[in-house]
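Here is what each chain is made of, one letter per residue.
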Amino acid sequence: MNKKIKILEAAKDVLLKKGVFKTRVEDITNHLGIAKGSFYTYFKSKDELLGEIIDSVYKLREVELRELINKPSDYQKNLTAFIMKRFIISSENLKLYLILINLTRNLEHLTPILREKLINIEFLNRKLLKKIIENIPDVNYSEKEINTMIIFILGGIKSYRMERLFYKNAEDYFISDIEEFKERMQEIDLEEEVKLVVNTILKLLIGGKK
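Along each chain, residue indices are assigned from 1 in the same order as the chain's sequence is written. Where local features are concerned, this predicted model is filtered to residues with pLDDT of at least 70; where side-chain atom pairs are given and counted, the filter is 80 or more; whole-chain, interface and lining totals use all residues. The side-chain values count all of the structure's non-hydrogen atoms but skip hydrogen atoms and water molecules.

A. Representation of the overall build of the protein chain. Counting its regular elements, the protein chain contains 10 helices and 0 strands. Counting only C-alpha atoms, the protein chain reaches 65 × 35 × 30 Å along its principal axes. Relative accessibility decides the category of a residue: with a 1.4 Å probe and only protein chains considered, values under 20% of the type maximum give buried, values over 50% give exposed, and everything between is partly exposed. For the protein chain, buried positions account for 40% of its 210 residues. Long-range contacts, defined as pairs at least 24 residues apart, comprise 69% of the intrachain contacts of the protein chain with a sequence gap of at least 6. For the protein chain, the exposed area adds up to about 12100 Å²; of that, 50% sits on carbon and sulfur atoms. Charged residues are defined narrowly, with Lys and Arg counted positive, Asp and Glu counted negative, and His plus the chain ends left uncounted. Lysine's charge is taken at NZ, arginine's at CZ, aspartate's at CG and glutamate's at CD. When the 37 positive and 32 negative side-chain charges of the protein chain are each reduced to one mean point, those points stand 4 Å apart. Numbering goes from the N terminus for both helices and strands, where a helix is a DSSP run of H or I of at least four residues and a strand is a run of E of at least two. Contact definition: two residues touch when any of their heavy atoms are within 4.5 Å. Values of accessible area rely on a 1.4 Å probe in the Shrake-Rupley scheme; residue burial ignores everything except the protein chains shown.

B. Main features of the nonpolar core. Counting 63 residues, the largest nonpolar core has Leu49, Leu79, Ile83 and Leu129 as its most contacted members. Sequence-distant contacts of Leu79, defined by excluding residues within four places in its chain, comprise Leu129, Ile132, Val198, Ile201, Leu202 and Leu205. Nine residue types can take part in a nonpolar core, namely buried Ala, Val, Leu, Ile, Met, Phe, Trp, Tyr and Cys, and a core is a set of them joined through side-chain atoms within 4.5 Å.

C. Region of the structure containing the side chain of Asn102. Residue position: Asn102 is located in helix 6 (residues 94-104). Using a relative accessible area of 18% as the deciding quantity, one classes Asn102 as buried. Non-local contacts of Asn102, meaning those with residues more than four positions away in its chain, are made with Gly19 and Val20.

D. Region of the structure containing the packing of helix 8 (residues 143-166) against helix 9 (residues 178-187). Geometry is summarised by axes, namely lines fitted to C-alpha atoms with helices restricted to the contacting stretch, and by angles between N-to-C directions that run from 0 to 180 degrees. For the pair helix 8 and helix 9, the least separation of the axes is 9 Å and the interaxial angle reads 105°. The orientation of helix 8 with respect to helix 9, classified from their angle, is roughly perpendicular. Facing helix 8, whose interface residues are Glu163, Arg164, Leu165 and Phe166, helix 9 presents Phe181, Arg184 and Met185. Under the grouping applied here, Gly and all other residues not named as nonpolar or charged are polar, the nonpolar ones being Ala, Val, Leu, Ile, Met, Phe, Trp, Tyr, Cys and Pro and the charged ones Asp, Glu, Lys and Arg. In terms of residue class, the contact of helix 8 with helix 9 is made up of 4 nonpolar, no polar and 3 charged. Roughly parallel means an angle under 35 degrees; roughly antiparallel means over 145; roughly perpendicular covers 65 to 115; every other angle is labelled oblique.

E. Region of interest: the packing of helix 5 (residues 75-87) against helix 8. For the pair helix 5 and helix 8, interaxial distance at closest approach is 10 Å and the crossing angle is 40°. Taken together, the axis directions place helix 5 and helix 8 in an arrangement best described as oblique. Helix 5 and helix 8 meet at a crossing whose hand is right-handed. Packed against helix 5, whose contacting residues are Phe82, Ile83, Arg86 and Phe87, the element helix 8 presents Leu154, Ile157, Tyr160, Arg161 and Leu165 at the interface. In a left-handed crossing the near helix is turned counterclockwise from the far helix by less than a right angle, and in a right-handed crossing that turn is clockwise.

F. Looking closely at the pattern of salt bridges. Should a side-chain nitrogen of Lys or Arg be within 4 Å of a carboxyl oxygen of Asp or Glu, the pair is scored as a salt bridge. Scanning the entire structure with this criterion turns up 10 salt bridges. Here Arg126 and Glu122 are joined by a salt bridge, their closest N and O atoms 3.8 Å apart. Taken together, the positions of Arg126 and Glu122, both in helix 7 (residues 112-134) and 4 residues apart, correspond to about one turn of that helix. Here Glu143 makes a salt bridge to Lys130, at a shortest N to O gap of 2.3 Å. Separated by 13 residues along the polypeptide, Glu143 in helix 8 and Lys130 in helix 7 bring together distant segments of the chain. The structure contains a network of salt bridges with shared partners spanning Arg24, Glu26, Asp27 and Lys36.

G. Molecular detail of the packing of aromatic side chains. Note on aromatic pairs: the rings of Phe, Tyr and Trp (six-membered ring only in Trp) are paired at centre separations within 6.5 Å, and the planes decide the class, stacked below 30 degrees, edge-to-face beyond 60, tilted for the rest. Applying the stated criterion across every chain, the model contains 2 aromatic pairs. Aromatic pair Phe39 and Phe43: ring centres 5.4 Å apart, planes at 40°, arrangement tilted. Across this residue pair, the class does not change: Phe39 and Phe43 are buried. Each residue in the set Phe39, Tyr40 and Phe43 is aromatic and connected to the rest through ring pairs, giving one cluster. A cation sits over an aromatic face here: Arg86 above Phe82, 4.8 Å from the ring centre. For a ring to carry a charge above it, either NZ of a lysine or CZ of an arginine must fall within 6 Å of the ring centroid while also lying within 35 degrees of the normal to the ring plane.

H. How the structure looks around the side chain of Ser38. With respect to the helices and strands, the residue Ser38 is situated in helix 3 (residues 36-42). Judged by its relative accessible area of 15%, Ser38 falls in the buried class.

I. Seen up close, the environment of Lys17. Within the secondary structure, Lys17 is located in helix 1 (residues 3-18). As for Lys17 and Ile83, which are separated by 66 residues in sequence, their C-alpha atoms are 28 Å apart.

None of the figures reported here should be taken as evidence of function without further support.
Given below as C-alpha cells:
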C-alpha cells in the first residue's frame, strides 16, 4: 500500500471518529504517525482529500451504470438491482458511504467544488434510473414526467434508506460506527425491504398512464 492510499485510509477512520468538520489535517497525520508535510505531498488540503473520497464513490456509480447498460432491458430486474445497490454496501466501501452521508447532510458548509462533486453523483443516479424507466414497455411518459418521477423516487429511496439503515437516535441521529452499522444490517431482512420498495415504485410507474 503506497503512502497516499495509507493517508486516505487513515483519513476515513479519523473522519468517521471525529466528524468531517472537526477533523484537522494534524489529526490524520497524528493517527498515522507521520509528519504533517507528508500529507501535503499528496493533498493540497483536507478538501482535496475529501474530493478524492467523493470521486471514489462516483467511480463506483459509473461501474453500476455500465453494468446496467450492458444488461438485458428487463426493467423490473434492473430496478431491483438499482435499489439493491442503494441498500447493500460492501465492507470495503462502507467507510466511503458513511463519510458521503455526513457530507450530504451538510451541503451548505461545503466548498462549491465539493458540492458540485456530490451533485454529479446525484445526476449519475438520475441517469441510471432514467434508463430503467425508459425501458418500461407500453408506457408513454413525457420527458417532464420522467424527470419529476426520478426526483420523487430517488428522494423516497434516500429517505427510506436513511431511516432504515443509518438513523440512530434523537441525540446522535446517524450511525457513524462500522460495527454498529453491521449490527443494524443483521437486524434487517434486506430482501423483504428491497422487495417492498421495488413494489411501491412499480405501482407508481406502471400505475400511471399506459
